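# Geometric and topological summary
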Number of protein chains: 2
Amino acid sequence: MPDQDNLDSAVAELGWQAQKSAATRNAILDSAISCIVEYGYRGTTTTAIAQKAGLSRGAMLHHFPSKLDIVRGAVEHLHKKRLKAFRKAMTRSSEGGQDRVLLGVDAFFDHVRHPLFVAFLELSVAARTDPELAGILKPTAEAFEREWYQTAKEVFPEWQGRDEQFDIALDLSRYVMEGLAISSLTHRGGDRDRRVLRYLADKLHELRDA
Amino acid sequence: MPDQDNLDSAVAELGWQAQKSAATRNAILDSAISCIVEYGYRGTTTTAIAQKAGLSRGAMLHHFPSKLDIVRGAVEHLHKKRLKAFRKAMTRSSEGGQDRVLLGVDAFFDHVRHPLFVAFLELSVAARTDPELAGILKPTAEAFEREWYQTAKEVFPEWQGRDEQFDIALDLSRYVMEGLAISSLTHRGGDRDRRVLRYLADKLHELRDA
DNA sequence: ATTGAAACCGACAACTCTGACTGTTAGTTT
DNA sequence: AAACTAACAGTCAGAGTTGTCGGTTTCAAT
């Protein structure tokens, strides 16, 4: 056991190599997600990932033996990042003492316009015609949904006892948001989008109070 | 002018070759759309299109010199088919004398679960990272949206004078439906989806009557 | 019937991506 | 200090995709 607790505990605990390895792995996974956003899932090549991560293909294939290994890691990586970002945005919005519903809607809207959601959308669509990817994505996506639901329930405790309304509110919000997100891929609806969001917030209020 | 109006007017007007050419082109475009649904846009190869259309690659490339030409044709083809199917479903639903809103919601829901919508979704997502495809798809998608809106207005004349409510109703329906469609790619929500649709129909009634 | 054009077929070269391989440098252990 | 392991780089062959090209069959017109 190398237990010379003196200077850099991270170095001491992991060693330089292990630390560098972890950093490189992170860089690769970040690069993979970035490539998925920039080139699409099927357009993402190992060459591009390595290049954007700043190392050679050979080096990358040392950390992840095959492309599918990278994908596995990237999906997991994305899942964690997305959940963290969602939780952060939601709790932050719930702290502003004003209209919690409205803040939540805005935060959610930001969430589906974030590159991380684009990456997820890209993966979801690709998984439809790629069984291997589907096998990787499906469990993670289901886990995300469960944790997402749990988070929402924690952040909005004032809905307690209104379970059915809360479920409808969540589902409705989610579908509107995601529909909005994919529609914004082709068309740029500014005012009409805002109007729908306002209407949505209005209905959420009703669901909570009525 | 070969005007021997005797038996087959189509043959007489077009000639066997022209007729066969048109039929083959249709088969190719149908095959292309089918491949997009089955293999995804980036996974669609000219080999697969030709095979599914039942002719050789060489023959296909006689009708469409390049893959991009096929894509152009397929996008246009898809646009027409989708609009026709939508109009048909909507007018049919409006004829059933019962709850027109509910029938419309069901028809719309069927529409976004149809393979043609899947193909459109596939193209939309691919276009995000493919400028050439985007250049082809964007004008067509915009045209579809305009004609879709027009159709809806014709089919539901009882909303006349309630333009703002009607716009909200349409946008809301569309986003919920499309969000529902992409969510169904990963998860299979049966009851909860139905509940949201019921809620949606309820709100559409409100928008119309209130 | 023969000539021309259009539909159709198969083979080919150029390109790209992936995974496997060999070699090199840097850090760790004894 | 030596043996060992991990990180990294570059090259290679194989598979797949696209577009081009020459050749064959089928229809139309003179």
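Residues numbered from 1 in each chain as written. Chains lettered and ligands numbered in written order. Predicted model: local features only at pLDDT ≥ 70, side-chain atom pairs only at ≥ 80, totals over all residues. Heavy atoms only, no water.

Along its length, chain A carries nine helices and zero strands. The order of α-helices and β-strands along chain A, N terminus first, is α-α-α-α-α-α-α-α-α. C-alpha extents for chain A along the principal axes are approximately 60 × 45 × 30 Å. The buried share among the 210 residues of chain A stands at 50%. By sequence separation, contacts in chain A at least 24 residues apart represent 65% of the contacts at least 6 residues apart. Put simply, chain A shows about 11000 Å² of open surface, and 52% of that area lies on carbon and sulfur atoms. (Helix = DSSP H or I, 4+ residues; strand = E, 2+ residues; numbered from the N terminus. Buried < 20%, exposed > 50% of the residue type's maximum accessible area, 1.4 Å probe, protein only. Contact = heavy atoms within 4.5 Å. Areas by Shrake-Rupley, 256 points an atom, 1.4 Å probe, with all protein chains shown as cover.)

All names here are of chain B. For the pair helix α6 (residues 115-128) and helix α7 (residues 131-155), the least separation of the axes is 8 Å and the interaxial angle reads 130°. The orientation of α6 with respect to α7, classified from their angle, is oblique. Relative to α7, the crossing made by α6 is left-handed. The segment α6 lies against α7, with F120, L123, S124, A126 and A127 engaging P131, L133, A134, L137 and A141. Of the residues in the contact of α6 with α7, the class split is nine nonpolar, one polar and no charged. (Axes fitted to C-alpha atoms, helices over the stretch in contact; angles between N-to-C directions. Parallel < 35°, antiparallel > 145°, perpendicular 65-115°, else oblique. Left-handed = near helix turned anticlockwise from the far one by under 90°. Nonpolar A, V, L, I, M, F, W, Y, C, P; charged D, E, K, R; others polar.)

Moving on, we come to a positive patch on the surface. A contiguous patch of positive charge on the surface is contributed by R42 and K67 of chain A together with R42 and K67 of chain B. Note on placement: K67 of chain B falls in helix α4 (residues 67-95). (Patch = residues over 30% accessible without salt bridge, like charges linked within 9 Å, V, L, I, M, F, W, Y side chains within 5 Å. Salt bridge = Lys/Arg side-chain N within 4 Å of Asp/Glu carboxyl O. Lys, Arg positive; Asp, Glu negative; His and termini not counted. Charge placed at Lys NZ, Arg CZ, Asp CG, Glu CD.)

The next subject is the domain arrangement of chain A. Residue and element names in this part refer to chain A. Once the domains are mapped, chain A shows domain 1 (1-65) and domain 2 (71-209). Regarding the contact of domain 1 and domain 2, the summed buried area is about 1000 Å², with carbon and sulfur atoms giving 75% of it. Connecting domain 1 to domain 2 are one salt bridge. In this structure, the salt-bridge partner of D30 is K81, at a minimum N-O distance of 3.0 Å. For the pair domain 1 and domain 2, the interface holds three residue pairs in polar contact (both at pLDDT 80 or more). For the side of domain 1 that touches domain 2, the residue count by class is six nonpolar, two polar and one charged. (Domains from an automatic or database assignment. Buried area = accessible area lost by both parts, 1.4 Å probe. Polar contact = N/O pair within 3.5 Å; in protein donor to acceptor, adjacent residues only side chain to side chain.)

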